[in-house]
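Residue strings, one per chain:
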Amino acid sequence: NAGVTQTPKFQVLKTGQSMTLQCAQDMNHEYMSWYRQDPGMGLRLIHYSVGAGITDQGEVPNGYNVSRSTTEDFPLRLLSAAPSQTSVYFCASSYSTSQPGELFFGEGSRLTVL
Amino acid sequence: KQEVTQIPAALSVPEGENLVLNCSFTDSAIYNLQWFRQDPGKGLTSLLLIQSSQREQTSGRLNASLDKSSGRSTLYIAASQPGDSATYLCAVNNYGQNFVFGPGTRLSVLP
């Protein structure tokens, strides 16, 4: 099992550009989520999904879109990148359907917006 | 709104010491509490998950305890080693809610 796989690991964007961070898991987890980690702010939830076709907003959803067309994949889209979106992004998944259980994280994607 | 704090923010100990990391949360009606380890530039690795009905969990040299009534969890690391140097985070979720993370404790174990 590869677990939770994120791509790319590093990305540099210019303000206004768009991009998609990819997240895939091979553990048949129903719950998937995206966090951003910033110094002094800790980990904050952006969006999450409790199954294919179902997504919801977390604490800091503005500027980001998600979709969940399959159980395995949960991409995060930045529509028009801003310097405030410079961060490290983590995807996490869990087996539970009704309530997040043990979370498993990817290695992270480090994004710099100039 | 659930808030999670961790004390101390940083800790430096000599190799071989037993140590305790603390996690406090404001809403005691939790469902799960999870301890993670994060190495620099890496993702989070799950160490221990304690469900609300449990008082403690053990894995090797690690022992995590949970006291819901006081809103506290402790992570006990026995016989610390330089390889234990990392940031340790706790996360809590309440019923029907997502996990809320603490800011972490940065641990350095000196040879």
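Scroll up a little and you will see the structure.
Since this is a predicted model, take the numbers as computed values, not measurements.

This part is about the layout of surface pockets. Quantified by volume, the largest pocket comes out at close to 1,300 Å³. Taken together, 50 residues line the largest pocket, and the ones lying closest to its centre are M41, G42, L43 and R44 of chain A together with F101 of chain B. The set of elements that each furnish at least two residues to the lining of the largest pocket consists of β4 (31–38), β5 (42–51), β9 (87–94) and β11 (109–113) of chain A together with β1 (4–7), β9 (86–94), β10 (100–101) and β11 (105–110) of chain B. Its residues assigned to classes, the lining of the largest pocket comprises 18 nonpolar, 20 polar and twelve charged.

Moving on to unusual backbone geometry. With omega at -10°, the peptide bond leading from T7 of chain A into P8 of chain A counts as cis. Relative to the elements of secondary structure, P8 of chain A occurs in the loop between β1 (4–7) and β2 (10–13). The backbone phi angle of A79 of chain B is positive, close to 45°, even though this residue is not glycine. Considering the arrangement of structural elements, one finds A79 of chain B in the loop between β8 (72–77) and β9.

By the definition in use, this model includes nine aromatic pairs over all chains. The interplanar angle of 85° and the centroid separation of 6.0 Å between the aromatic rings of F105 of chain A and F101 of chain B together place this pair among those described as edge-to-face. Of the two residues, F105 of chain A is situated in strand β10 (residues 104–105) and F101 of chain B in strand β10; the pairing between them involves two chains. Each member of the pair F105 of chain A and F101 of chain B is classed as buried. An angle of 75° between the planes, with centres 5.1 Å apart, marks the rings of Y31 of chain B and Y95 of chain B as edge-to-face. Of this pair, Y31 of chain B sits in strand β4 (residues 30–38) while Y95 of chain B is found in the loop between β9 and β10, placing the two residues 64 residues apart along the sequence. Each residue in the set Y35, F90 and F105 of chain A together with F36 and F101 of chain B is aromatic and connected to the rest through ring pairs, giving one cluster. Taking NZ or CZ as reference, R68 of chain A lies 6.0 Å from the ring centre of F74 of chain A, over its face.

What follows is about the sheet that holds strand β3 (residues 19–25) of chain A. In a beta sheet, neighbouring strands pair by backbone hydrogen bonds and run either parallel or antiparallel. Residue and element names in this part refer to chain A. The strand order across the open sheet formed by four strands is β1-β3-β8-β7, and the pairing between neighbours is antiparallel. Each having just a single partner strand, β1 and β7 (64–66) make up the two edges of the open sheet. Each strand of the sheet is rotated relative to its neighbour by a mean of 20°, with strand direction disregarded. One ladder, built from four bridges, connects β1 with β3; its direction is antiparallel. Opposite T5, over in β3, you have A24 as the bridge partner.

What counts, and at which threshold
Residues numbered from 1 in each chain as written. Chains lettered and ligands numbered in written order. Predicted model: local features only at pLDDT ≥ 70, side-chain atom pairs only at ≥ 80, totals over all residues. Heavy atoms only, no water. 1 Å grid on protein atoms, 1.4 Å probe; cavity = no way out; pocket = protein on both sides within 12 Å on 5 of 7 lines; lining within 4 Å. Points joined across faces, edges and corners; volume = space filled by probe spheres on them. Helix = DSSP H or I, 4+ residues; strand = E, 2+ residues; numbered from the N terminus. Nonpolar A, V, L, I, M, F, W, Y, C, P; charged D, E, K, R; others polar. Phe/Tyr/Trp six-rings, centres within 6.5 Å; stacked < 30°, edge-to-face > 60°. Buried < 20%, exposed > 50% of the residue type's maximum accessible area, 1.4 Å probe, protein only. Lys NZ or Arg CZ within 6 Å of the ring centre and 35° of its normal. Pairing = 2+ DSSP bridges. Axes fitted to C-alpha atoms, helices over the stretch in contact; angles between N-to-C directions.

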